[in-house]
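Residues per chain, in single letters:
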Amino acid sequence: MTADVIESAYDDAPAMGVSDYLAILKRRIWYIIIPSVVMAIAVVGIALVWPATYRSEAIILIEQPAVPPELVASTVTGYAEERVQIIKQRVLATENLVEIINKHDLYQRERKFQSLHSVVEKMRDHISLELISAGQNRRAQTTIAFTLAFENRKPLVAQRVTNDLVSLFLSENLRTRRERASETARFLAAEAERLESVISEVEGKLADLKQTHAGSLPEQLKHNLDLVARAESEVRDLDQREHIIKERLIYLDSELVQISPDTGGSATAGITSPQQEQLEALRTEFIKASARYGPEHPDVVNLSRLIAALESEAKRISDTSREDASRIEEERNLVRTELAQASEKYGAEHPDVVELNRQLAVLEAAVDSSESPSDSAVNGEGFANRAVAELQRQKQTADIELNAIERRRQILKGTIAEYEEKIEQIPQVERQVRQLVREYTDAQQQYQNIKAKQITAQLGETLEDERKGERFSLIEPPTLPDMPDSPNRAMILGVGLVLSAGAGLGTALLREVLDPSVHGVRSVVLLTGTAPLVVVPYIQTRNEIWRRRLWRSAYVFCGIAMISGAIAFIHYKVIPLDVLEVRVERQIQRNLPWLASPLE
Amino acid sequence: MEKIQKALEKARRQRGMGLDDGAALQARDGPARATCAPEAGEIVYSETRTIAAGEGTVEAQRMRAGFARQDLVDTFRILRTQVLHRLAADGHSTLAITSPNRGAGKTMTSVSLAMSLARRVANTVLLVDLDLRRPSVHKYFSIEPQKGLSEYLLNGTQFASCLVHPGVERLVILPAGSIVHSSSELLSTPKMVDLVDEVKGRYPDRIVIYDLPPLLVTDDAIAFLHHVDGCILVIEDGKTRKGDVRRSLELLEGCNLIGTVLNKSKEASGIAYY
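S.K.: Would you take a moment to explain the overall build of chain B for this structure?
M.R.: Counting secondary structure elements, chain B contains 11 helices and nine strands. Taking the contacts inside chain B whose residues are at least 6 apart along the sequence as the reference set, 75% of them involve residues at least 24 apart. Carbon together with sulfur atoms contributes 52% to the accessible area of chain B, which is approximately 11,600 Å² in total.

S.K.: So what exactly am I meant to see when it comes to a nonpolar patch on the surface here?
M.R.: Residues and elements named next belong to chain A. A cluster of nonpolar side chains, V18, L22, L25, I29, W30, I33, I34, V37, V38 and I41, forms an exposed patch at the surface whose accessible area comes to about 960 Å². Elements with a contribution of two residues or more to the nonpolar patch: helix 2 (18-27) and helix 3 (29-49). Ranked by residues supplied to the nonpolar patch, first place goes to helix 3 with seven residues. Looking at the element boundaries, I41 is found in helix 3.

S.K.: What exactly am I supposed to notice about a negative patch on the surface here?
M.R.: Residue and element names in this part refer to chain A. Where like charges cluster on the molecular surface, the negative patch consists of E232, E420, E421 and E424. The element that contributes the greatest number of residues to the negative patch is helix 14 (residues 376-465), accounting for three residues. Relative to the helices and strands, E232 resides in helix 9 (residues 221-259). Accessibility expressed as a relative area gives 33% for E232, which makes it partly exposed.

S.K.: Can you help me understand the packing of helix 5 (residues 94-104) of chain A against helix 8 (residues 155-212) of chain A in this one?
M.R.: Helix-helix packing is described using two parameters, namely the angle between the two axes and the distance between the axes. Residue and element names in this part refer to chain A. Where helix 5 meets helix 8, the axes come as close as 11 Å, and the angle between the chain directions of the two elements is 145°. In this structure, the crossing between helix 5 and helix 8 has a hand that is right-handed. Contacts between helix 5 and helix 8 involve N96, L97, I100, K103 and H104 from the former and R160, V161, D164, L165 and L168 from the latter. Its residues placed into classes, the contact of helix 5 with helix 8 shows five nonpolar, two polar and three charged.

S.K.: So what exactly am I meant to see when it comes to the confidence of the model for chain A here?
M.R.: Any segment with low pLDDT has predicted coordinates that should not be analysed in fine detail. All names here are of chain A. On average, chain A scores 80 in pLDDT, and the residues at 70 or more come to 87%. The least confident element of chain A, judged by mean pLDDT, is helix 1 (residues 3-12) at 53; the most confident is strand 1 (residues 54-63) at 89. Low confidence marks residues 372-378, where pLDDT is under 50. Its contacts with residues over four positions away, or in another chain, come to eight contacts.

S.K.: Please clarify how the pattern of salt bridges should be interpreted in this entry.
M.R.: Opposite charge on two side chains makes pairing possible when the charged atoms of those side chains draw close. All names here are of chain A. Per the counting criterion, the structure on display carries 35 salt bridges over all chains. Residue D226 is joined to K222 by a salt bridge in which the shortest nitrogen-to-oxygen separation is 3.4 Å. Of the two residues, D226 and K222 are both situated in helix 9; the distance of four residues between them amounts to about one turn of the helix. D226 sits in the partly exposed class, given a relative accessible area of 36%. Linked through salt bridges whose partners overlap, the residues forming this network are D239, E242, K246, E406 and R409.

S.K.: Help me out: how do you make sense of helix 4 (residues 106-119) of chain B in this one?
M.R.: An α-helical turn contains 3.6 residues, so any two residues separated by three or four positions project in the same direction. The end-to-end C-alpha separation of helix 4 of chain B is 20 Å, in line with the 20 Å expected for 14 residues at 1.5 Å each. Counting buried positions over the 14 residues of helix 4 of chain B gives 13, a clear majority of the element.

S.K.: Sorry if this is basic, but what is going on with helix 7 (residues 116-126) of chain A here?
M.R.: Residue and element names in this part refer to chain A. Listed in full, the buried residues belonging to helix 7 are V119, V120 and M123. The arc that holds the buried residues of helix 7, viewed along the axis, is 100°, so those residues lie on one side. Within helix 7, the exposed residues directed more than 90 degrees away from the buried face are H117 and D125.

S.K.: Even after reading the chapter, I still don't get the nonpolar core, so can you show me in this structure?
M.R.: A general feature of soluble globular proteins is that nonpolar side chains tend to end up buried together. Within the largest apolar cluster, 44 residues are counted, with the highest numbers of intra-cluster contacts made by B:L130, B:L149, B:M192, B:Y210 and B:L225. Ranked by size, the runner-up nonpolar core spans 36 residues in total, among them B:L72, B:Y140, B:F141 and B:V261.

S.K.: Just checking my understanding: could you explain the confidence of the model for chain B for this structure?
M.R.: Residues and elements named next belong to chain B. Within chain B, residue pLDDT values average 75, and 73% of them lie at 70 or more. Predicted confidence for residues 16-47 stays below pLDDT 50, and this span has 97 contacts to residues more than four positions away or in other chains. Contacts for the low-pLDDT stretch residues 270-274, under 50 throughout, to residues beyond four places or in other chains number 11 contacts. Model confidence for the complex is summarised by a pTM of 0.50, with the ipTM given as 0.73.

S.K.: Is there a simple way to think about the environment of A:P51 in this case?
M.R.: Residues and elements named next belong to chain A. Topologically, P51 is positioned in the loop between helix 3 and strand 1. Residues P51 and S486, spaced 435 residues apart in sequence, show a C-alpha to C-alpha distance of 8.5 Å. The residues touching P51, leaving out its near neighbours within four places in the chain, are R153, S486, P487 and R489.

S.K.: Even after reading the chapter, I still don't get the packing of aromatic side chains, so can you show me in this structure?
M.R.: Two numbers describe a pair of aromatic rings. These are the distance of the centres and the angle of the planes. A complete count under the given rule lists five aromatic pairs over all chains for this structure. With a centroid separation of 5.2 Å and an interplanar angle of 45°, the aromatic rings of A:F146 and A:F169 are classed as tilted. Taken as a pair, A:F146 in strand 3 (residues 141-152) and A:F169 in helix 8 lie far apart in primary sequence, 23 residues in all. Between the aromatic rings of B:Y152 and B:F159, the centroid separation amounts to 5.5 Å while the plane-to-plane angle is 75°, which identifies the pairing as edge-to-face. Ring pairs connect the aromatic residues A:F146, A:F169 and A:F472, which therefore count as one cluster. For the cation-ring pair, A:K422 lies above A:Y419, with the distance from its terminal atom to the ring centre recorded as 4.8 Å.

S.K.: Would you explain the side chain of B:D229 in this entry?
M.R.: Residue and element names in this part refer to chain B. Tracing the backbone shows D229 in the loop between helix 10 (220-225) and strand 8 (230-236). Judged by relative accessible area, which is 13%, D229 ranks as buried. Looking at D229, its side chain comes within polar contact range of the side chain of K200, at 3.2 Å. Apart from the residues within four sequence positions on either side, D229 is in contact with H92, S93, T94, K200 and N256.

How each quantity is defined
- Residues numbered from 1 in each chain as written.
- Chains lettered and ligands numbered in written order.
- Predicted model: local features only at pLDDT ≥ 70, side-chain atom pairs only at ≥ 80, totals over all residues.
- Heavy atoms only, no water.
- Helix = DSSP H or I, 4+ residues; strand = E, 2+ residues; numbered from the N terminus.
- Contact = heavy atoms within 4.5 Å.
- Areas by Shrake-Rupley, 256 points an atom, 1.4 Å probe, with all protein chains shown as cover.
- Patch = residues over 30% accessible without salt bridge, like charges linked within 9 Å, V, L, I, M, F, W, Y side chains within 5 Å.
- Salt bridge = Lys/Arg side-chain N within 4 Å of Asp/Glu carboxyl O.
- Lys, Arg positive; Asp, Glu negative; His and termini not counted.
- Charge placed at Lys NZ, Arg CZ, Asp CG, Glu CD.
- Buried < 20%, exposed > 50% of the residue type's maximum accessible area, 1.4 Å probe, protein only.
- Axes fitted to C-alpha atoms, helices over the stretch in contact; angles between N-to-C directions.
- Left-handed = near helix turned anticlockwise from the far one by under 90°.
- Nonpolar A, V, L, I, M, F, W, Y, C, P; charged D, E, K, R; others polar.
- pLDDT = per-residue confidence, 0-100.
- Expected span 1.5 Å × (residues − 1).
- Arc of directions from axis to C-beta.
- Core = buried A, V, L, I, M, F, W, Y, C linked by side-chain atoms within 4.5 Å.
- Phe/Tyr/Trp six-rings, centres within 6.5 Å; stacked < 30°, edge-to-face > 60°.
- Lys NZ or Arg CZ within 6 Å of the ring centre and 35° of its normal.
- Polar contact = N/O pair within 3.5 Å; in protein donor to acceptor, adjacent residues only side chain to side chain.

This is how it looks when you write it as structure tokens:
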């Protein structure tokens, strides 16, 4: 009996035969029976007694819009499932459920012991919402409907509550949709208003800008350029004119120089000859000038005036009459008066005044020369003085004109500078203008956009108002259940009984496995390696047999006594047996009808 | 019962058998007196006390009940054959019977085996009760042991006067005697060892069966087992633990374990099968 033998015994040990199993069964029979029976009783009890729950269900269809979305886009977007879930959350809010609980007096028992919150939670567990989808394939499933159900012990209550829930659902959906549409419209209106104010603001800015930079507006560029060009050309003209006049001055100066040395020279013969020479020269000059310039030209006019003056001088000299002299004096006085008038009226620089001054000077000179007629040389001298005076006068005129030119030129230069500055500012102004214009167009665009959307939104609002959009409609009103939804009593019984058998077997198996003692030849073989030499059965003495029988009958008797006692107790203290029987029958009738019929 | 007693006595007298110590057969109820050395060839129960197998203890009843069943008788016959076979193969003649724990039925087995062996004409049996703490062999024969092994070892009582003839032919019992608690020391004294040796070799036809105390309860058995030729382990069906069996087997390593007996089996048939 070495360890090796024992080990090999384990390996070679024969499989457990039927008799072995039967032996185990016999050994553990009570382990099998008691748990099984106890559990079976419990299961039957549960199957009978468990209260039924009834489930009332309603089906709501998610109907497609009557007006196609391509024509009028709905303001409510998103998937139907999301919307359903959101509405579910709203509908199942605590306050709604509390109202329903109070209205139908639900969960009386639970309300006594539990907080309202947990009762509401319990109710939520009894409410179920299931989406029904359809689609061509697994991916593109859309929700087309959903079921809403409520469970309760009483079928009528279940139906009523489901009805309430359905109404809540439908009204909530409607409200949500309408709200959404009107919110959208409101929002868009506000936006439009805002954009309007933006547009007018930009317009104002643009006007201000145009005002501030009045001359520097981009559209004025050409005009400014033209103006500058003209001014510049005028300046050029003036320059040219100045140049001419300056030349003239030089000429006059040269003339002056010619005349002056001749004042003291030849006497009588010299009276006319220098004078006539001069006259001839002037006449030649005149002819030349008038040929070159024309009769209106200032040089020409001056020359002719000069000639005329000299000629009249000569004439006057030839006359040498006092009448002439007095006439000259008269004229001179007239001129003086005129001059005084003119200088009063116009000022010293006025051409008329100047002219009058010149005339007066000539006349004064003539009067002087007539008062001293004796000396032709003096006349000649006087004549020469008069020529000089004339020349001087012409020089004066030229100077005055130069001044005038200079002044005009300054003015022009000022204008040019001004307009050039204006031109310089144009690009900057242009930039500002462009920006403002851009803002303006942007705002305009947005505004147009919003306006378009507003129209759509208003259409959407109308759609909702007339319920032409997607809507929930009740296609299956809450059912009044006649069959309980749970529990499945047949299944409880079936499964329960199987389980109790299993429990019994399991307990037996457990006991068997945990049993450390030797059982039967097999154990001995496994332990020692060989079968025992003999197997001696249990020998009972007669006494023992008797005693066993006695004990057994005692147990049975006790058992009967206890059961009778229990029955009596139930009958007298708890519930009379006949009533119990009726109740049980009723329960069976209600819950296990298929069991009841064979019993009858 | 008196009738049976008397009949048995009569049969014994007729056969004229006696035990090794030369004591003549005494047809009385009381304990026998020791006399001088035995005569060779004749077994005369001169010294042994003769007690009839009467009504009495439960054990005695059980034995009677057992032997009333024929299948049990056959069972023990089979055991007897197996044992003899194994013993004879090696020329052994002493056998120890023990079990892992109390109550397995080893005394019952040893007594039954002894009685079964005693039926054979070819040999005699000496059944020694070595359970000095709880002696029980005497109960199977309804004997009140006044003298036994412990008296022999402690008091120096003569060996022959301790033996008992229980009224079964060819069977002699050495009861344990008074209860001794320091049994393991006692059993390993030289006197005991000498006794074992002497008893073994004394008669070639005699088989000595030692009813040992349980293996795992005391160390008496272990100490003693080396003095016997063979050993049988009695296992109680449904009660003895497998662990105890294993431990016992470990302890029995080195001793010649002839085999096991499955006692108090709940299986219907008494014959071992797979």
